Amino acid sequence: MTIQLKELYDTAAIQKLDTAHYMHPFTDHQALGEKGARVMVRGEGIYLWDSEGNKILDGMSGLWCVNVGYGRKSISDAVYRQMETLPFYNSFFNTTNVPAVLLANKLSAISPPQFNHVYFTGSGSEANDTNLRMVRRYWDVLGFKERHTIISRHNSYHGSTVAGASLGGMTDMHAQGGLPIPGIVHIGQPNYLESGRGMTEAEFGIEAASWLEQKILEVGAEKVAAFIGEPVQGAGGVIIPPATYWPEIQRICDKYGILLIADEVICGFGRLGRWFASEMFGIRPDLITFAKGVTSGYIPLGGVLVGDRVADVLIKQGGEFNHGFTYSGHPVACAAALENIRILEEEKLIERVADDTGPYLKQRFAELADHPLVGYADSCGFVAGLNLVRTKADNPHDNVAFDSALGVGMVCRGHMFGNGMIMRAVGDRMIIAPPLVMTREQIDEMITLIRRCLDLTHADIKQRGWLQGE
Ligand SMILES: *Cc1c(COP(=O)(O)O)cnc(C)c1O
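Computed from a predicted structure; not experimentally measured.

Engineer: When you look at the overall build of the chain in this model, what are you seeing that I'm missing?
Structural biologist: Along the chain, the regular secondary structure elements total 16 helices and 15 strands. Its C-alpha atoms give the chain a radius of gyration of 22 Å, near enough to 23 Å, the size a compact globule of 470 residues would have. Expressed as a percentage of its 470 residues, the buried residues of the chain come to 55%. A sequence separation of at least 24 residues applies to 71% of the contacts in the chain between residues at least 6 apart. Put simply, the chain shows about 20400 Å² of open surface, and 54% of that area lies on carbon and sulfur atoms. Mean positive and mean negative side-chain charge positions of the chain (42 and 53 charges, respectively) differ by 1 Å.

See the structure below:
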């Protein structure tokens with residue numbers, strides 16, 4: 001479908017106003033101001049249109065969130081109905097609202113059995129701030145007031161608030177604003193390509209998990225409150241851990257009685273072919289962070305699934321937990337989530353990713369590894385990534401990377417973006433997280449598009465003289 005939008009939008013005028021007044025997240029405004037932002041104006045299914053009428057295949061589901069695709073009238077209808085009935089009420093002073101109650105019940109039903117309570121927030125970052133306060137409160141109530149340290153991982157992403165960015169392991173974020181705050185320490189990530197040389201994947205998974213035990217012993221087990229991790233790291237570059245990693249992490253947490261927090265803001269709501277990825281990685285977290293896919297991004301909503309171990313203590317012994325947001329349990333956001341979940345169920349989108357389109361994406365995406373620029377391509381459910389390398393070897397640990405200062409990933413992203421494909425660059429790793437509604441035919445279309453853009457990138461960097469030795 002092509003739509004003519006050019007006459008409807010004055011792109012240059014919008015860009016000018018954008019530059020004049022709008023500060024974007026994670027953006028160098030000097031650089032953006034020179035080019036002007038691309039103006040997105042419409043979405044339908046897996047496609048977006050910009051103000052110039054260009055159609056774009058959204059390989060990133062917006063920002064890992066539009067799981068049911070764009071243009072769902074039933075969600076906008078549900079939102080509209082709720083806005084007409086009760087656009088807002090808080091849940092602070094012994095009050096509640098129907099959509100929040102129904103959603104808390106629904107989430108308890110679709111999550112692993114140890115989860116029977118939900119704490120709502122406005123975003124994933126706020127949910128992780130909630131986690132930080134909640135786990136410390138849990139140990140305080142039990143009388144372990146020393147147990148406040150949270151262990152996280154380098155190159156993890158847990159949001160952009162002070163606690164979220166501190167829990168996260170992004171050095172660029174820590175460098176701004178005096179982070180991390182005290183009481184948060186980091187261990188290495190289970191990145192086989194980066195650190196697994198000389199080991200099988202299985203051996204490396206155990207090795208990477210052992211870093212948690214080392215850190216616990218270094219800090220002192222009696223001071224450690226919790227460990228937090230994304231089942232599959234998203235913003236860090238779709239880092240898929242070895243199968244041995246998470247069960248070993250669970251064993252170590254159990255051994256020392258440490259709470260386990262699974263940040264499923266990306267992995268939840270079908271992204272990996274399950275309601276929650278914890279189910280497939282063999283872990284029983286005490287807390288699960290969610291956001292993004294819970295409403296498919298149509299309206300902001302986040303929260304924490306609170307497992308019985310923590311809920312029992314906070315509810316039966318904790319008294320008042322002095323924490324909450326104006327928009328905790330926002331009725332309109334909860335109505336959007338209920339309809340989003342209904343769609344996921346009715347259209348069996350999660351089963352489809354698990355049994356049909358997920359395996360098909362895996363097969364088709366792996367084929368890209370034969371491209372001269374691609375040194376490694378892997379996927380899990382509906383996330384996938386490939387590494388752009390200068391020279392390929394049989395053992396991926398022997399691939400020769402580009403000088404990171406060249407920014408080959410950004411060059412590639414530019415060719416994708418300029419040719420109707422949204423694929424994100426994390427260094428020289430190119431990643432996707434497509435909407436779960438994507439069909440086999442659309443996967444074929446996407447792979448063809450990616451391959452064409454890889455060819456363009458290859459020709460481009462060859463011309464720049466970056467493929468030394470050819
Ligand atoms: C996006 C993200 C967050 C932060 O969510 P916001 O809604 O942007 O605050 C937290 N954790 C993970 C794993 C994420 O991907």
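Engineer: What is the right way to read the side chain of His-24 from this model?
Structural biologist: Mapping His-24 onto the fold places it in the loop between helix H1 (11-21) and helix H2 (29-35). At 2.8 Å, the side chain of His-24 and the side chain of Asp-18 are in polar contact.

Engineer: What exactly am I supposed to notice about the site of the ligand here?
Structural biologist: In the vicinity of the ligand, the residues found are Ser-123, Gly-124, Ser-125, Asn-128, Tyr-157, His-158, Gly-159, Glu-230, Asp-263, Val-265, Ile-266 and Lys-292. Note that a nitrogen atom of the ligand is positioned 2.8 Å from one of the side-chain N or O atoms of Asp-263. Its free accessible area being 380 Å², the ligand has 83% of it covered by the protein chains. With three residues, the single largest contributor to the shell around the ligand is helix H6 (residues 124-141). Taken together, the residues of the shell around the ligand break down into three nonpolar, six polar and three charged.

Engineer: For this particular structure, what's the right way to read the sheet that holds strand E13 (residues 421-422)?
Structural biologist: Through backbone hydrogen bonds, the strands of a sheet pair up, either in parallel or in antiparallel fashion. Taking strand neighbours across the sheet as the criterion, the four strands line up as E1-E2-E3-E13 in an open arrangement whose pairing is mixed. Across the chains shown, the open sheet's two edge strands, defined by having one partner strand only, are strand E1 (40-44) and E13.

Engineer: How do you make sense of the pairing of strand E2 (residues 47-50) when you look at a structure like this?
Structural biologist: Side chains Tyr-47 and Trp-49 project from E2 onto one buried face, and the interleaved Leu-48 and Asp-50 project onto a second face that is buried too. Here E1 pairs with E2 via four bridges, running antiparallel. Bridge assignment links Arg-42 to a residue of E2, and that residue is Trp-49. Where E1 hands over to E2, the hairpin turn is made up of two residues, of which Gly-45 adopts a positive phi near 65°.

Engineer: Could you clarify how one ought to interpret the packing of H6 against helix H12 (residues 308-316) in this entry?
Structural biologist: What describes two packed helices is the angle between their axes and the distance between those same axes. Contact geometry of H6 with H12 gives a least axis separation of 10 Å together with a crossing angle of 60°. In terms of orientation, H6 and H12 fall into the oblique class. Of the two elements, H6 crosses H12, and the hand of that crossing is left-handed. Residue-level contacts link Met-134, Arg-137, Tyr-138, Trp-139 and Val-141 of H6 to Arg-309, Val-310, Val-313 and Leu-314 of H12. By residue class, the composition of the contact of H6 with H12 is seven nonpolar, no polar and two charged.

Engineer: Can you help me understand a nonpolar patch on the surface in this one?
Structural biologist: On the surface, Leu-8, Tyr-9 and Ile-14 cluster together into a nonpolar patch covering about 260 Å² of accessible area. Checked against the element boundaries, Tyr-9 lands in the segment before H1. By relative accessible area, which is 31% here, Tyr-9 ends up partly exposed.

Engineer: What's the story with helix H10 (residues 201-219) in this structure? I'm lost.
Structural biologist: One turn of an α-helix holds 3.6 residues; hence residues three or four places apart share an orientation. Here H10 contains 19 residues, and its C-alpha end-to-end distance of 28 Å stays within 8% of the 27 Å for a straight helix at 1.5 Å per residue. Among all positions of H10, only Phe-204, Gly-205, Ala-208, Ala-209, Trp-211, Leu-212, Glu-213, Lys-215 and Ile-216 are buried. Where H10 is buried, its residues contact strand E5 (149-153), strand E6 (184-187), helix H9 (192-195), strand E7 (224-229) and helix H11 (245-256). Once H10 finishes, Gly-220 follows within two positions and takes phi at roughly 100°, a positive value.

Engineer: Please clarify how the sheet that holds strand E15 (residues 429-432) should be interpreted in this entry.
Structural biologist: Taken in spatial order, the four strands make up an open sheet running E11-E12-E15-E14, and their pairing is antiparallel. At either margin of the open sheet sits one strand with a lone partner, and together these are strand E11 (374-380) and strand E14 (424-426). Taking each pair of neighbouring strands and ignoring which way they run, the sheet shows an average axis angle of 25°. The pairing of E14 with E15 spans three bridges and is antiparallel.

Engineer: Teacher, can you tell me more about the side chain of Asp-58 here?
Structural biologist: In this fold, Asp-58 is placed in strand E3 (residues 55-58). We note that Asp-58 is buried and unpaired, the nearest opposite charge coming from Arg-271 at a distance of 8.7 Å. Side-chain polar atoms of Asp-58 contact the backbone nitrogen of Met-60, separated by 3.0 Å. A distance of 2.5 Å separates a polar atom in the side chain of Asp-58 from a polar atom in the side chain of Tyr-70. Asp-58 has contacts with Ile-46, Leu-48, Tyr-70, Ile-422, Pro-434 and Pro-435, leaving out every residue within four places of it along the chain.

Engineer: I keep staring at the environment of Gly-159 and nothing clicks. Help me out?
Structural biologist: Locating Gly-159 in the fold gives a position in the loop between E5 and helix H7 (162-167). The sequence separation of Gly-159 and Gln-15 amounts to 144 residues, and the corresponding C-alpha distance is 27 Å. Discounting residues that sit within four places of it in the chain, Gly-159 has contacts with Ser-125, Gly-164, Ala-165 and Met-173.

Rules of the game
Residues numbered from 1 in each chain as written. Predicted model: local features only at pLDDT ≥ 70, side-chain atom pairs only at ≥ 80, totals over all residues. Heavy atoms only, no water. Helix = DSSP H or I, 4+ residues; strand = E, 2+ residues; numbered from the N terminus. Rg over C-alpha atoms; globule rule 2.2 N^0.38 Å. Buried < 20%, exposed > 50% of the residue type's maximum accessible area, 1.4 Å probe, protein only. Contact = heavy atoms within 4.5 Å. Areas by Shrake-Rupley, 256 points an atom, 1.4 Å probe, with all protein chains shown as cover. Lys, Arg positive; Asp, Glu negative; His and termini not counted. Charge placed at Lys NZ, Arg CZ, Asp CG, Glu CD. Polar contact = N/O pair within 3.5 Å; in protein donor to acceptor, adjacent residues only side chain to side chain. Near = heavy atom within 4 Å. Nonpolar A, V, L, I, M, F, W, Y, C, P; charged D, E, K, R; others polar. Pairing = 2+ DSSP bridges. Axes fitted to C-alpha atoms, helices over the stretch in contact; angles between N-to-C directions. Parallel < 35°, antiparallel > 145°, perpendicular 65-115°, else oblique. Left-handed = near helix turned anticlockwise from the far one by under 90°. Patch = residues over 30% accessible without salt bridge, like charges linked within 9 Å, V, L, I, M, F, W, Y side chains within 5 Å. Salt bridge = Lys/Arg side-chain N within 4 Å of Asp/Glu carboxyl O. Expected span 1.5 Å × (residues − 1).

No statement about biological role is implied by the geometric values presented.
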